[in-house]
Every structure is written in structure tokens, then in C-alpha cells.
Amino acid sequence: MTQPTDLLPEGLEDRLPASAARITHAMRACLDVLHTHGYDRVRPPLLEFERSLASRMQGIRTQAMFRFVDPASLRTLALRSDITPQVGRIAATSMKTAPRPLRLAYCGETALIRASQLDPARQRLQLGAELIGVDTIAAASEIVMVAIEALMGAGLTGISVDFTLPDLVDTLAARDGDTDPDHIEAVRRELDTKDAGGLRDAGGEAYLPLLYAAGPFDSALADLREYDAGGALATRLDGLKAIAARVKAAHGPDVRLTLDPTERYGFEYQSWFGFTLYADALRGAAGRGGTYRIGGSEEAATGFSLYVDHLAEVAPEAGGGRVVYLPLGHDADAAAKLRAEGWRTLAQLGEGEDAGMLGCTHVLEGDTPKELEASQ
Ligand SMILES: N[C@@H](Cc1c[nH]c[nH+]1)C(=O)O
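Treat the numbers as computed from the prediction; the structure is a model and nothing was measured.

**Quick look at helix 4 (residues 137-153)**
Step number 1: With 17 residues, helix 4 ought to run about 24 Å at 1.5 Å a step, and its terminal C-alpha atoms sit 24 Å apart, in line with that.
Step number 2: In terms of burial, helix 4 is largely enclosed, as 12 of its 17 residues are buried.
Step number 3: Regarding helix 4, the residues found buried are A139, A140, S141, E142, I143, V144, M145, V146, A147, I148, A150 and L151.
Step number 4: Note on helix 4: the residue one or two positions beyond its end, G155, has a positive phi of about 90 degrees.

**Side note on the sheet that holds strand 15 (residues 362-365)**
Strand pairing in a sheet is mediated by backbone hydrogen bonds. Such pairs are either parallel or antiparallel.
Step number 1: An order of 14-13-15-16 is seen for the 4 strands of this open sheet, with the pairing classed as mixed. Each end of this open sheet is capped by a strand with a single partner; those strands are strand 14 (344-347) and strand 16 (368-371). Taking each pair of neighbouring strands and ignoring which way they run, the sheet shows an average axis angle of 40 degrees.
Step number 2: Sheet topology note: the strand 15/strand 16 ladder contains 4 bridges and is antiparallel. Within strand 16, the position partnered with V363 by the bridge is K370.

**Examining the nonpolar core**
Step number 1: F163, Y207 and F275 are the most contacted members of the largest nonpolar core, which has 70 residues in total.
Step number 2: In terms of residue count, helix 4 provides more of this core than any other element does, 10 residues in total.
Step number 3: Residues M57, M65, V87 and A91 belong to the second largest nonpolar core, which totals 20 residues.

**Focus: the layout of surface pockets**
Step number 1: One number sums up the size of the largest pocket: a volume of about 1,400 Å³.
Step number 2: For the lining of the largest pocket, the secondary structure elements donating two or more residues are strand 6 (123-132), strand 10 (274-278), strand 11 (287-294), strand 12 (299-307) and helix 11 (308-311).
Step number 3: Residues of the lining of the largest pocket, tallied by class, amount to 17 nonpolar, 16 polar and 15 charged.

**Topic: the site of the ligand**
Step number 1: Neighbouring the ligand are 15 residues; D82, T84, Q270, S305 and Y307 lie closest to it.
Step number 2: Y269 is positioned such that a nitrogen or oxygen atom in its side chain is 2.9 Å from a nitrogen atom of the ligand.
Step number 3: The separation between a nitrogen atom of the ligand and a polar side-chain atom of S305 is 2.9 Å.
Step number 4: Relative to its unbound accessible area of 300 Å², the ligand is 97% covered by the protein chains.
Step number 5: The cavity that encloses the ligand is the largest pocket.
Step number 6: At the level of secondary structure, the elements contributing two or more residues to the shell around the ligand comprise strand 6, strand 11 and strand 12.
Step number 7: Looking at the shell around the ligand residue by residue, the classes come out as 4 nonpolar, 8 polar and 3 charged.

**What to know about empty space enclosed by the protein**
Step number 1: On inspection of all chains with the given rule, the structure shows 1 cavity of 30 Å³ or more.
Step number 2: Computed from the structure, the largest cavity encloses a volume of approximately 50 Å³.
Step number 3: Surrounding the largest cavity, L165, P166, L168, V169, R188, L191, D192, P261, T262 and R264 form its lining.
Step number 4: Residue assignment for the lining of the largest cavity shows that the elements contributing at least two residues are helix 5 (168-175) and helix 6 (181-193).

**Details of the sheet that holds strand 3 (residues 67-69)**
Step number 1: Read from one edge of the open sheet, 3 strands run 2-4-3, paired in antiparallel fashion. The open sheet terminates on both sides in strands that have one partner only, identified here as strand 2 (47-49) and strand 3. Shown here is a sheet whose adjacent strand axes are inclined to one another by a mean of 35 degrees, direction ignored.
Step number 2: Bridge count for strand 2 against strand 4 (residues 76-79) is 3 bridges, and the pairing is antiparallel.

What counts, and at which threshold
Residues numbered from 1 in each chain as written. Predicted model: local features only at pLDDT ≥ 70, side-chain atom pairs only at ≥ 80, totals over all residues. Heavy atoms only, no water. Helix = DSSP H or I, 4+ residues; strand = E, 2+ residues; numbered from the N terminus. Expected span 1.5 Å × (residues − 1). Buried < 20%, exposed > 50% of the residue type's maximum accessible area, 1.4 Å probe, protein only. Pairing = 2+ DSSP bridges. Axes fitted to C-alpha atoms, helices over the stretch in contact; angles between N-to-C directions. Core = buried A, V, L, I, M, F, W, Y, C linked by side-chain atoms within 4.5 Å. 1 Å grid on protein atoms, 1.4 Å probe; cavity = no way out; pocket = protein on both sides within 12 Å on 5 of 7 lines; lining within 4 Å. Points joined across faces, edges and corners; volume = space filled by probe spheres on them. Nonpolar A, V, L, I, M, F, W, Y, C, P; charged D, E, K, R; others polar. Near = heavy atom within 4 Å. Polar contact = N/O pair within 3.5 Å; in protein donor to acceptor, adjacent residues only side chain to side chain. Areas by Shrake-Rupley, 256 points an atom, 1.4 Å probe, with all protein chains shown as cover. Sits in = over half its atoms within 2 Å of the grid points.

So, in C-alpha cells, the structure goes:
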């Protein structure tokens, strides 16, 4: 019986076996890909001092985090809403002297006070990789390639990568000698809503072509090059082209590439390069990444995060449906051998159990699993 006290807060939910199995399967597949590419796993804590979460990356807002006073230290703690800043802290402190480039992977729960309208979840299983100490095309390409491989490892299809230039407006404002923060912010806001009229009213007429330089990668890049007559964006555009070329060479038409230079949603701290990952049938993003600087050490880094519980909704089922029922007094060695071969076993505990109802497909007879129907 559900009691009123069993209700969960909005945006938080229990994952029951089928859904939890999908998530675990996707998580393992993604972690395996990161492991094979040389990314070492770290496990930062679930909460830490609010100030430390905020100080490592520019633009992080702790207002969106769950915060409370620690009865032990009487200081404000925050629940992490993103693991990347924690990995930045690790790279700048305990792993300061580790050789660069430093490759770190992570996977853990994050929480947000307010979900977005597109994605109401207030808890997210974030998994990702950070490549620290280099800001090169080679590093950004590796991150994009590993992210795609991780999604493919989880069984996702129809993957697309949407590139963006998170610091675009700042770069153009610097080019134009525009130092008025209010004007820059107004332009950003109108670009975010992709409102041409609003952009004009905000004095951002010069930025109008950016709204239209979006879509399939090659044509959007060509539009941007045309727009960028003065060449302020030239190195960025060359970088994007080189990264895209690597993805194309490896995946051809299997991975769709798009470019939306003004897309800033979710890019709080990324610098010249950002990307969002999508897949077939998935509502919203599967993940996001880009280049950034670790506050304090000012070290350059590139990385990506995948939202595993979200992407697992469209990942194929975990499979491995073979479950063998072990009757009372069964041969324990035979059962152990089957488990070692990848079978799942379910041991009988008492009389009156229905192996089929409990999800078993086989029953152990002697040392051989017999299909349930066949054995009856
Ligand atoms: N942590 C960022 C993505 C990212 C990882 N590294 C760099 N950017 C996010 O979840 O949006």
C-alpha cells in the first residue's frame, strides 16, 4: 500500500529492475570505452563546500544546487550538479604533479534544484571524461571521438554532434571593441532565443547573420566564414573543420554533424569549442562537452559528460535473459561454473516457488541447464 509518506519529490524517481538494468548496462559499456582509451576513473564526493564547487569554473551558479549548512563545520555545503568542476579541482590539487596530458573518467549521481522544462529530472547519472593539460585540435578531436564511441558502445544509433562556439559573442564583442557588459548580455539573450527582431532592438544588428549560419555542418561553416570577413573567428573555424574532418573520416555518414554557433544552452564555462550529442529517438541531449579552463590553475582542458540514465531510455535492452533455477540440493560446483560462463542463477529457498514466474528460463538438472518448458 502506498502511503502519502512514500511519495517522492517532483523530478526524482525510483528505477525499477528493467530500467535500472538498462542504466547499468549503458553505464558499463560507456565506462569500458573510456577505460580502453586510457582514462583513469576518479570518484569525487557527492557533496563538498559550496565555494570549492563554484571556484573552479567560471560561470558556475551555485543557486541551482542544493545547499545546506554542515552541522560539523558550520560551512555551506552543496550537492554537486556537475562532476567536471570536481575533476578540475582534483587535477589542480591532488594530481597537480601527475604527467600531462591527464586523462580522467568519472561516473556518479548529480542533483539540481530546478530541472529544465525539457528535462524534468532533478537527479542525473553523469558519466564523462576530461582530458587535462592541452587545448589542441588533437585533444578536442579525441574527446569528440571517444564520446561518440561511448554512445555507440551503449548501443545508441543515429548519433549526431552539434558543434557550437560558446565564447562567440565575447570574441566578436572584443573584435568590435564593445566593452558594455549590458549590451553584450542583451545580444546574448536575443541570440539565445533566436529572435531576429529582439536582436535588432538590442543593437545587435551586426550579429543577425549568425542566426542563419546554423544547420548541416558544411553549409553552416561556409556561412560563418562569409560572415567572418575580418577573420576574428578564423582559428576557431579552422579548428571546428579539423575536428569534423576526423569524425567524418572515422564514421562517414553514420554520424551527423551540425553547427549552431550561437547555441549556449548548458554551456556555462566552456570556451572556444562546445558540442552537444544527440541520438535517434532520444528527447533532449545525450551529453555535452567542450574546452574550458580550470579556475585557479588556469590549466586548459577538454571533456564531455553523458547523462546515462537519460540516454539509457533508448539504449537496447541489456539482454542476458538466461536465468537458471537451482533446485534445493543442486550441484553447487555446476552452478558456479555456469555463473562463470555468464549465466545468472536463482537458488531455490523453499517449497512452492514457481521458477517461471520468478523469471527463470532454465532449471539445473544434474550439471546441465534444461529449458524450463522442455523439462516439465
Ligand atoms: N560537464 C559539462 C560538459 C563538459 C564536460 N567537460 C567539459 N564540458 C556538462 O555536463 O554540461
